[in-house]
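Coordinate inspection notes
As a plain string of letters, each chain reads:
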Amino acid sequence: MRWLRRNLVGIVAIAVLVYLFIPIAVIMVLSFNKPAGKYNLKFDEFSLEAWANLCGVPGVCSSFVTSIQIGIVSTIVATLLGTMIAFALVRYRFRGRSTTNLLIFLPMATPEVVMGASLLALFLNLRFPLGQITVIIAHIMFIISFVVVTVKARLQGMDPRLEEAARDLYANPRAVFRYVTFPLVLPGILGAALLGFSLSFDDFIISFFNAGTLVTFPIYIWGAAQRGIPVQVNALATIVFLVALVIVLTAQYVNHRKRRALDNPTPIAADAALPRS
Amino acid sequence: MVDGTRQVEDLHLRSLTKSFGDFVAVDDLTLTIPAGSFFALLGASGCGKTTTLRMVAGLEDPTQGSIMIGDRDITALRAFERPVNTVFQSYALFPHLDIYENVAFGLRRRGVKDVRGQVERMLELVELGPMARRKPAQLSGGQQQRVAVARALINQPDVLLLDEPLGALDLKLRRQMQIELKRIQVDVGTTFVHVTHDQEEAMTMADTVAVMNAGRIEQMGHPAEIYETPRTVFVANFLGQSNLIAGRRTGVSGDHTLVEAHGLTLAVPSNRCFSLGTEITVGVRPEKITILDAVDAGRIPEGHNRLEGRVTDVSYTGVSTQYLVDAPWGQELIVFEQNVIVGDRCEVGDPVVLHWSPSHTFGLHPAQGGTAGVDPEAAEGARTAAHLLADGTGV
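Cut-offs and rules
- Residues numbered from 1 in each chain as written.
- Chains lettered and ligands numbered in written order.
- Predicted model: local features only at pLDDT ≥ 70, side-chain atom pairs only at ≥ 80, totals over all residues.
- pLDDT = per-residue confidence, 0-100.
- Contact = placed C-beta atoms within 7 Å.
- Buried ≥ 20, exposed ≤ 12 C-beta atoms within 10 Å, placed from the backbone.
- Helix = DSSP H or I, 4+ residues; strand = E, 2+ residues; numbered from the N terminus.
- Pairing = 2+ DSSP bridges.
- Right-handed = clockwise from strand over helix to strand, strands pointing away.
- Domains from an automatic or database assignment.
- Core = buried A, V, L, I, M, F, W, Y, C linked by C-beta atoms within 7 Å.
- Axes fitted to C-alpha atoms, helices over the stretch in contact; angles between N-to-C directions.
- Parallel < 35°, antiparallel > 145°, perpendicular 65-115°, else oblique.
- Left-handed = near helix turned anticlockwise from the far one by under 90°.

**Quick word on the confidence of the model for chain B**
Residue and element names in this part refer to chain B. With 91% of its residues at a pLDDT of at least 70, chain B reaches an overall mean of 86. Confidence drops under pLDDT 50 across residues 1-5; counting only partners more than four residues distant or on other chains, this segment forms 5 contacts. Below a pLDDT of 50 lies the segment residues 381-395, which in the model reaches 5 contacts outside its immediate sequence neighbourhood of four places, other chains included. Here the complex is predicted with pTM 0.77, and the ipTM for its interfaces comes to 0.78.

Below you can see the structure in the form of structure tokens.
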């Protein structure tokens, strides 16, 4: 009983982690499967076939590439536009500023089904052919909101004195932006871009409405699910997960190094141990 | 750093005014800060000192008036065009650049050659050579402070502005940096304009202190001069402590003006009396007063100002003993006595006589009221202490 009380937090933590990671582990394990039947649901026989022959099933790789392309293009455009909107909202006072602030949240709050359907209605009315372009337009639209929110937070958290110091040190407005503002906001922009890409990559609902005959990776999986998902999908999913993991770990490592440097100030300076305000 | 050919020029502020809506932060300020001086703008928060500094830096546009360096009008120049640099409160070092690049920032923006040599020399001056490749966050407060000074000074500005530069440091380090800053200022010979609310800091470092209150300068001069001869009630209370006794002018005796206060006659040197009317507030600094046991009243020198009272509080502070003495009319007076002799101090309840030389007395205009410039928290503390004490004796 006593033991339980002392270790309860740890036990709950492990349980939560198990809950979070079992699905991912199952996907990874099944990527080494050679299913006996048509559904890849139960581990029958170990095989590297899916890994050796990633594009072995027609459509898998082309849909994967399509999703990556769409993700990259819409992320770049949305990040550019979103960053500019964030700067405008934080730095300038103009008519309609507070309205814009509010409207920018709308795409995030609107149910995806509604947004997907209304975009489809719009494109049909305009007689705009459905395909990669319409999906990219739709993705840019909802990614912008996330970029604006992320970059805005970063900008608002920035000490205004840093830009004043730059001006004081002979930096004209352009130099202030280039050497101080932009480098300081950059982590926020990169974070927003990563978030935007992952949102675009796994979006199904909005893409499905506006894709026409285009097949993105999520749409491919949805289609394949009807007749048995090929093992290659598990392999590709594992790759995506590992890439994301590497990005997160790199970020952690960089942060950790920064913090370690802070905790071990130089022994040369006598006042190094004094607290920084 | 010092190149002998460089002409340092005076900084002039002319009728400088800044209002934010209805609030006048700086009110028609006219001031000349001599070239090469260490000038302190001293005042409580919200008195307009930081706004004044920001206008000189070009970070705030004056509502009216002009700023000149020598005979060049810089009022219309933008911050990055002015030969003025600032050491910001809490430093504002660029967190993404290392110390070297922080210091080199101004030189690089101006396209100066030999950045390397100058930065290295500057880092040597502030004793941070080995830290060049560290990021600001890896430095202690004192080191960051020195980087901030180096980053500004390397540009050889005509005027260096310091906005509460030591506010973020702890007491011991602050003392050390006061001496350090003064040394640097003497070394480079640049005009330093230093904004602070810390009177000790201002008096330690500056050649000239200007006490600011409500957007105006109350008094300006050498630290000793302002301390010994405050001209307003605000200055008397803000810079150190003062005993202020309200009275009325009754006459003149030689070089002295006589003031009647609560039945006593106090002498004030006429040239230290700054009230032209009949109402005069007589002031004396606590350390100028000698406290004597009432039985020793005969030892008081002829001509000294004197008054009787009763000790209500004694605090021993090491260097000195601080007495609170109740005057017959109920006012509490402060007396500091140097602890030259061990033992034999007055005790609470003792009847005592206070006396001081008329030459240490000053006469002020009472318009501001007796408590102008008193630190409200300190005053509150003293009152609470007095009440507790009164309650204690009551029981």
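**Thoughts on the pairing of strand 7 (residues 159-163) of chain B**
Residue and element names in this part refer to chain B. Counting buried positions along strand 7 gives 5 out of 5 residues, so the element sits mostly inside the fold. The alternating pattern of strand 7 places V159, L161 and D163 on one face and L160 and L162 on the opposite face, and all of these are buried. Sheet topology note: the strand 6 (residues 84-87)/strand 7 ladder contains 4 bridges and is parallel. Counted as the bridge partner of V84 is V159 from strand 7. Sheet topology places strand 7 next to strand 8 (residues 191-196); 5 bridges connect them, and they run parallel. Directly across from D163, in strand 8, lies its bridge partner V195. Each parallel crossover has a hand, and for strand 7 linked through helix 5 (residues 171-188) to strand 8 it is right-handed.

**Thoughts on the domain arrangement of chain A**
Residues and elements named next belong to chain A. Segmenting chain A into domains produces domain 1 (1-55 + 232-277) and domain 2 (58-229). Each of domain 1 and domain 2 has a C-alpha centre, and the two are 27 Å apart. Of the residues lining the interface, 9 residues belong to domain 1; the matching set on domain 2 comes to 9 residues.

**Points about the nonpolar core**
V103(B), A150(B), V193(B) and V211(B) are the most contacted members of the largest nonpolar core, which has 97 residues in total. Those residues in contact with V103(B) that sit more than four places away from it in its chain are V119(B), M122(B), L123(B), V147(B), A150(B), R151(B) and I154(B). In this structure, I104(A), I140(A), F197(A) and A211(A) belong to the second largest nonpolar core, which totals 23 residues.

**Brief notes about the pairing of strand 11 (residues 243-253) of chain B**
Residues and elements named next belong to chain B. Where strand 11 lies against strand 14 (residues 279-284), 6 bridges are found, and the strand directions are antiparallel. Its bridge partner being in strand 14, R248 is matched across the sheet by E279. The sheet contact formed by strand 11 and strand 12 (residues 256-261) spans 5 bridges and is antiparallel. Opposite S253, over in strand 12, you have H256 as the bridge partner. Linking strand 11 back to strand 12 in an antiparallel pair, the connection comprises 2 residues, with G254 at a positive phi of about 60°.

**Examining the sheet that holds strand 4 (residues 64-69) of chain B**
Two modes of strand pairing occur in sheets, parallel and antiparallel, and in both the strands are linked by backbone hydrogen bonds. Residues and elements named next belong to chain B. With antiparallel pairing, 4 strands are arranged side by side in an open sheet as 2-1-4-5. Looking at strand neighbours, the two that pair on one side only are strand 2 (23-33) and strand 5 (72-73), the edges of this open sheet. As paired strands, strand 1 (residues 11-20) and strand 2 are joined by 7 bridges and run antiparallel to one another. Counted as the bridge partner of L13 is L31 from strand 2.

**Details of the domain arrangement of chain B**
Taken domain by domain, chain B comprises domain 1 (11-225) and domain 2 (236-394). Between domain 1 of chain B and domain 2 of chain B, the C-alpha centre-to-centre distance is 38 Å.

**Re the packing of helix 3 (residues 60-91) of chain A against helix 7 (residues 132-156) of chain A**
Residues and elements named next belong to chain A. Closest axis-to-axis distance for the helix 3/helix 7 pair is 6 Å, and the angle between their directions is 40°. Considering their axes alone, helix 3 and helix 7 lie oblique with respect to each other. Seen from above, helix 3 lies across helix 7 with right-handed handedness.

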